[in-house]
Amino acid sequence: MAGTPHLQIKDLSVAIEDKQILKGLNLEIKGGEVHAIMGPNGTGKSTLASAIMGHPKYEVTGGSITLNGEDVLEMEVDERARKGLFLAMQYPSEISGVTNADFLRSALNARQEEGKEISLIKFIRQMEKQMEILEMDQSFSHRYVNEGFSGGEKKRNEILQMMMLKPSIAILDEIDSGLDIDALKIVARGVNELRGSEMGVLMITHYQRLLNYIKPDFVHVMMQGRIVKSGGPELALKLEEKGYDWIKEELGIKDETVGAEA
Ligand SMILES: Nc1ncnc2c1ncn2[C@@H]1O[C@H](COP(=O)(O)OP(=O)(O)OP(=O)(O)O)[C@@H](O)[C@H]1O
Ligand SMILES: [Mg+2]
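Residues numbered from 1 in each chain as written. Chains lettered and ligands numbered in written order. Predicted model: local features only at pLDDT ≥ 70, side-chain atom pairs only at ≥ 80, totals over all residues.

Chemist: Please clarify how the overall build of the protein chain should be interpreted in this entry.
Modeler: A tally of helices and strands in the protein chain yields nine helices and twelve strands. Taken against the 2.2 N^0.38 rule, which gives 18 Å for 262 residues, the C-alpha radius of gyration of the protein chain at 18 Å falls within 12% of a compact globule. Considering only C-alpha atoms, the protein chain reaches an extent of 60 × 40 × 35 Å along its principal axes. When burial is assessed residue by residue, the protein chain has 39% of its 262 residues classed as buried. (Helix = DSSP H or I, 4+ residues; strand = E, 2+ residues; numbered from the N terminus. Rg over C-alpha atoms; globule rule 2.2 N^0.38 Å. Buried ≥ 20, exposed ≤ 12 C-beta atoms within 10 Å, placed from the backbone.)

The structure is reproduced here in structure tokens:
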């Protein structure tokens with residue numbers, strides 16, 4: 001992909017079934033940067049991820065999203081993926097009847113020009129290499145996508161997809177939930193490996209612990225459907241120690257969830 005990736009979100013508002021969830025969110029991510037988004041439950045973090053990827057349930061009611069200057073909101077979902085956007089979901093879906101290998105190969109080939117599809121041998125070699133890095137048993141390539149996978153195996157599988165697709169912007173929604181300590185380190189290794197390759201990362205997490213392994217450049221706090229505070233890694237440490245009440249007090253927010261307006 002030409003140039004450093006650049007995702008720009010300006011004044012984004014998003015509604016679900018007439019309920020306004022995001023209300024004027026601003027965020028800019030450049031290649032190589034890692035942004036962590038933290039914030040209490042129900043403040044719109046996953047909604048932001050879904051809106052960027054173009055989930056049909058989420059209606060953008062205002063603002064803009066551009067990737068390298070191109071209007072993301074004008075793009076179909078598959079086009080967003082082809083342009084280099086990737087989401088590791090908080091709750092990964094199972095796809096019965098489609099093996100992991102077939103799924104990955106189709107996803108990879110969908111990004112190639114006609115006639116330039118990756119050869120089967122090359123694909124298998126790449127997949128095996130990445131699975132080794134992620135310490136995944138090779139048998140996972142022949143299993144249906146996420147079907148019967150444990151919680152941690154699903155998360156690892158999301159990272160396998162990311163490592164194969166090499167997105168320009170990766171959104172990781174609670175990639176640490178359900179992972180044991182060893183798996184957390186392995187997943188972090190995968191992310192850090194791609195980070196050097198100019199990939200920009202948006203990491204949604206509740207826990208500072210993940211940030212010990214994937215060091216963020218910026219930490220943002222979301223409340224009421226917008227980013228209310230941004231800082232460096234030290235902000236996550238302060239949240240770990242003090243929780244969110246001090247931010248609410250500072251900003252005069254009584255209820256941080258999206259339904260409740262100050
Ligand atoms: N499809 C939907 N239908 C109805 N309400 C929704 C839908 N998706 C999200 N919401 C509501 O929007 C609000 C924000 O949800 P979201 O999943 O973005 O929160 P979150 O910050 O990711 O929370 P968590 O930390 O618990 O994952 C919640 O009140 C949620 O119930
Ligand atoms: Mg969420």
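Chemist: Help me understand the site of ligand 1, please; the structure alone is not making it clear to me.
Modeler: Of all residues adjacent to ligand 1, which total 15 residues, the nearest are Asn-41, Gly-42, Lys-45, Ser-46 and Thr-47. The element contributing the most residues to the shell around ligand 1 is helix H1 (residues 45-53), with three residues. Residue composition of the shell around ligand 1, grouped by class: three nonpolar, nine polar and three charged. (Near = placed C-beta within 6 Å. Nonpolar A, V, L, I, M, F, W, Y, C, P; charged D, E, K, R; others polar.)

Chemist: It is not clear to me how H1 should be interpreted in this structure. Could you clarify?
Modeler: Since the α-helix packs 3.6 residues into each turn, any two residues three or four apart lie on the same face. Most of H1 sits inside the fold, with eight of its nine residues counted as buried. Turning to H1, its buried residues are Lys-45, Ser-46, Thr-47, Leu-48, Ala-49, Ser-50, Ala-51 and Ile-52. Once H1 ends, the next one or two residues include Gly-54, with phi positive near 90°.

Chemist: Would you mind showing me how to read the packing of helix H5 (residues 151-165) against helix H6 (residues 181-195) here?
Modeler: A pair of packed helices is captured by two measures, namely the crossing angle of their axes and the spacing between those axes. For the pair H5 and H6, interaxial distance at closest approach is 10 Å and the crossing angle is 10°. When the axis of H5 is compared with that of H6, the two are roughly parallel. Handedness of the crossing formed by H5 with H6: left-handed. Judged by residue contacts, Gly-152, Lys-155, Arg-156, Ile-159, Met-162 and Met-163 of H5 engage Ala-183, Val-187, Gly-190 and Leu-194 from H6. Of the residues in the contact of H5 with H6, the class split is six nonpolar, two polar and two charged. (Axes fitted to C-alpha atoms, helices over the stretch in contact; angles between N-to-C directions. Parallel < 35°, antiparallel > 145°, perpendicular 65-115°, else oblique. Left-handed = near helix turned anticlockwise from the far one by under 90°. Contact = placed C-beta atoms within 7 Å.)

Chemist: Can you help me understand the environment of Ser-141 in this one?
Modeler: Relative to the assigned elements, Ser-141 resides in the loop between helix H4 (120-133) and strand S8 (144-145). When the C-alpha positions of Ser-141 and Thr-43 are compared, they lie 36 Å apart, and in sequence the two are 98 residues distant. Residue contacts for Ser-141: discarding those within four places in its chain leaves Thr-99, Asn-100, Ala-101, Met-127 and Met-131.

Chemist: What's the story with the sheet that holds strand S4 (residues 58-67) in this structure? I'm lost.
Modeler: Strands pair in a sheet through their backbones, by hydrogen bonds, and they do so in one of two ways: parallel or antiparallel. Ordered in space as S2-S1-S4-S5, the four strands form an open sheet in which the pairing is antiparallel. In this open sheet, the two strands that pair with only one neighbour each are strand S2 (19-30) and strand S5 (70-71). One ladder, built from two bridges, connects S4 with S5; its direction is antiparallel. Across the sheet, the residue bridging to Thr-66 is Asp-71, located in S5. (Pairing = 2+ DSSP bridges.)

Chemist: Mind showing me how you'd approach the UniProt feature "domain: ABC transporter" (unreviewed entry) in the protein chain here?
Modeler: The sites that carry the UniProt feature "domain: ABC transporter" (unreviewed entry) are, in the present numbering, residues 7-249. When the span residues 7-249 is considered, its composition is 37% helix and 30% strand, and the gap between its end C-alpha atoms is 31 Å. (UniProt positions renumbered as here; feature names shortened; annotations may be inferred.)

Chemist: I would appreciate a short explanation of the sheet that holds strand S9 (residues 169-173) in the present structure.
Modeler: Strand order in this open sheet of six strands is S6-S9-S10-S3-S11-S12, and the pairing throughout is mixed. Of all the strands in the sheet, the pair left with one neighbour each is strand S6 (85-88) and strand S12 (226-231). Each strand axis lies, on average, 20° off the axis of its neighbour in the sheet, ignoring direction. By the bridge criterion, four bridges tie S6 to S9 in an arrangement that is parallel.

Chemist: I would appreciate a short explanation of the environment of Glu-33 in the present structure.
Modeler: Structurally, Glu-33 can be placed in the loop between S2 and strand S3 (34-38). Measuring from C-alpha to C-alpha, the distance between Glu-33 and Glu-198 comes to 7.9 Å, with 165 residues separating the pair along the chain.

Chemist: Sorry, what's going on with the environment of Asp-18 here?
Modeler: Position of Asp-18 relative to the elements: it lies in the loop between strand S1 (6-16) and S2. When the C-alpha atoms of Asp-18 and Tyr-58 are compared, they prove to be 9.7 Å apart, with 40 residues separating the residues in sequence.

Chemist: Would you take a moment to explain unusual backbone geometry for this structure?
Modeler: What you tend to see is this: most non-glycine residues have negative phi, and most peptide bonds are trans. For Asp-18, which is not glycine, the phi dihedral falls at a positive 70°. For Asp-18, a count of 7 C-beta atoms within 10 Å translates into the label exposed. Of note in the backbone geometry, Glu-174 takes a positive phi value of approximately 50° without being a glycine. What makes Glu-174 buried here is the crowd of 21 C-beta atoms within 10 Å.

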